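Next come the chains, spelled out residue by residue.
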Amino acid sequence: MLKQQDKENYFGLEGLLSSLKQISSIHSSNRGPFQAVFEGVHDVEGKEVIIQVALPERFPTEKPMLFLKDPKSLGFLPHLEKDGFICYSHDEGLLLDESNPSGIVKEAFKRADKTLKDGLNQENDDEFLNEFEVLWSRQENKREVDCLFSPGDTFEEVRVLLDESSNKTIIVNKQDEKTSRHLNVFYKRNVEKEFSLYKGIHIPFRKNSKVKPPTYWSFWSMKQLREIVSRNITSSTKKQLQSHLAKMKIKNQDKLFLFFSIPIREGERVFFGVLLENFKRKKHLKTPYPFSHPLKKIQCSFSMIPLSVKRHNQEYLLNRTQGQNQLMGKKAVLLGLGSLGSRIAMELARAGVTSFLFVDNDVIDIDNIYRHELGGNSLYVRSNDKYFKMSKTEAMKRKLLEQFPSLDIDYEMTDVLELSEEEKQNILNSDIIISALGSSTVELALNKEFYGRKDSPPVLYTWIDPMGLGGHALLTNNKSKKGCFRCLFTHIQDNSILIPNRASFAAPNEVFIKTIAGCDSVFTPYGSLDALQTAVLASRLAVKSLQGKEIGNPLLSWKGEADDVLAYGKAVSTRYSFTTEQLYESRYKYQVENCPVCGSG
């Protein structure tokens, strides 16, 4: 908030604008509120325009807003909104020096001036394409449409689902189980039965298409749209489109949904649409009825409504994370869905892995809900007035599909040591196997079997040390046979001797098992945050392996506090004394030359 003396000065605008004065508000915009607004004349590449500088209520914590008083005075330019607002800078990552409000105003003016000049000189015309969907969404009378598929580079017919009462519109490109699941999860209705079904088409523009969106004050005519389409599609698309249009006959009550996509970067396309409706015969003009499709020949009058597409497809949404589209089509196997395995499954789904196989023979129990990805709503399933505990595999599948309906998930509710050969082949037919069983004995047996299989993908073992000491992730079979889980338990001089896990931060032979109500409630004490941090460590390593960015078999660890362990009368290992840097630098040094499984030497 500005002090009174600050409000009475012009923050250095005197040297930037002529005929400068303070005004009460920005009449062309509903943005605000503002604590002060200034107006003056400015020369932009030989054209005199009126610039308005508005200081938001939270200025100088919030950046100034600059406007062209007449939004049309310089024509249609990139980063110039319909209310005259000049989008000169993004807020994300912006740092303002609150002690220098005049400096903030001058810098904002400088950037806004450059934005306008770049637009007039056509130096930022490429931004029209990058901002196409935003500019399209600013059109008058536009309607929003949800899209559940990723537009490709081929012409196709699409299905349009419309709720006639609310105009809620959804487009899909197929009718299958996965599409139905998406619709049910997102809209909590039986959309396919309750919505009206219309047909639409998707017309892909060719690479390097130069298409400007329509101005805010004048939408495209059908003649303009036809010219744009004809100029920017391939000969193959043109043939398919002409064949489709030849079969179309339009009646008064019809609705025609036209969607278009423009490639802008590898794997990314602008996507927008137009709805044609209210078809009527032109007065004093004899035309055949039903009419031809307007893209073929204009024989009637009709309404053109811009359709702003809201993407719901996985490929697009993943670009808002780290753009992990390269993980699409990857299959991960999770052995063990405890507090660690369940979180890894969730994080890999968020990272972009699209296919999962879960192996676990346990049910979700009330004892574990405070450190498990699954909560109380996954405990029981009711059938015929009886309650049954839900398996972790089924519960995890349901939870993931509720959040990410595009996933493919299978599971085996069985012990990993009792898998049939067919089930083993299903596991091996994957891109990575992640073992979070919490049983060294079982995992040593798996390590020996996986290592002996030529068809085994990379295998990642992950586990948690007790009482917040830390967590570990070991990648094996990852383009190299050097290093395996057995190395951690192999005596350096005598490989027939099995020793305690050398990666552990707890001293050898320390026992941390606790029980609350007898033998049936035995558990290893660690917290939810310990499981979460270990899951993050393991998930990052799994992603690097899936991306091909990790070519070795590293042992990664995070180290927590030892206070609780020492207070419990237990000791820590020598490895616990390593710094974070030392742990990372020694990530390959666990490998044992005389390991009976991998023989790392």
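Every value quoted in this text rests on a predicted model; they were computed, and no experiment measured them.

**What to know about the sheet that holds strand 4 (residues 65–68)**
Part 1 of the argument: Strand order in this open sheet of four strands is 1-2-3-4, and the pairing throughout is antiparallel. Of all strands in the sheet, those with a lone pairing partner are strand 1 (18–23) and strand 4, marking the two edges. For this sheet, the mean angle separating the axes of adjacent strands, direction not counted, is 20°.
Part 2 of the argument: As judged from the four bridges shared by strand 3 (residues 47–56) and strand 4, these two strands associate in the antiparallel manner. Each residue of the ladder has a partner; that of Gln 52, found in strand 4, is Phe 67.
Part 3 of the argument: Running over the sheet, helix 2 (residues 101–120) touches strand 2 (34–44), strand 3 and strand 4 and is turned about 45° from strand 2.

**Side note on the packing of aromatic side chains**
Part 1 of the argument: For the structure on display, the rule yields 28 aromatic pairs.
Part 2 of the argument: Between Tyr 10 and Phe 38 the ring centres are 5.4 Å apart and the planes differ by 70°, which places this aromatic pair in the edge-to-face class. Of the two residues, Tyr 10 is situated in the loop between helix 1 (4–7) and strand 1 and Phe 38 in strand 2; the sequence distance between them amounts to 28 residues.
Part 3 of the argument: Overall, Tyr 10 belongs to the partly exposed group, its relative accessible area being 27%.
Part 4 of the argument: Residue classification places Phe 38 among the buried residues on the basis of a relative accessible area of 0%.

**Quick word on the pattern of salt bridges**
Part 1 of the argument: In this structure the tally under the stated criterion is 30 salt bridges.
Part 2 of the argument: A salt bridge links Arg 189 to Asp 163; the nearest nitrogen and oxygen atoms lie 3.2 Å apart. One end of the pair, Arg 189, is in the loop between helix 5 (177–187) and helix 6 (191–194); the other, Asp 163, is in strand 6 (residues 156–163), with 26 residues separating them in the sequence.
Part 3 of the argument: Assessed through its relative accessible area of 32%, Arg 189 is described here as partly exposed.

**Comments concerning the sheet that holds strand 10 (residues 256–265)**
Part 1 of the argument: Here seven strands make up a closed barrel; going around it, the order is 5-7-6-8-10-11-13 and the pairing mixed. On average, adjacent strands in this sheet sit at an angle of 35° to one another, irrespective of strand direction.
Part 2 of the argument: Pairing geometry for strand 6 and strand 8 (residues 196–204), over seven bridges, is antiparallel. Residue Glu 157 lies in a different strand from strand 8, and its bridge partner there is Ile 201.
Part 3 of the argument: Lying over the sheet, helix 5 contacts strand 5 (143–147), strand 6 and strand 7 (168–172), oriented at roughly 155° with respect to strand 7.
Part 4 of the argument: Sheet strands in contact with helix 8 (residues 235–247) are strand 6 and strand 8, and its direction is about 150° off that of strand 8.

Scoring rules and cut-offs
Residues numbered from 1 in each chain as written. Predicted model: local features only at pLDDT ≥ 70, side-chain atom pairs only at ≥ 80, totals over all residues. Heavy atoms only, no water. Pairing = 2+ DSSP bridges. Helix = DSSP H or I, 4+ residues; strand = E, 2+ residues; numbered from the N terminus. Axes fitted to C-alpha atoms, helices over the stretch in contact; angles between N-to-C directions. Contact = heavy atoms within 4.5 Å. Phe/Tyr/Trp six-rings, centres within 6.5 Å; stacked < 30°, edge-to-face > 60°. Buried < 20%, exposed > 50% of the residue type's maximum accessible area, 1.4 Å probe, protein only. Salt bridge = Lys/Arg side-chain N within 4 Å of Asp/Glu carboxyl O.

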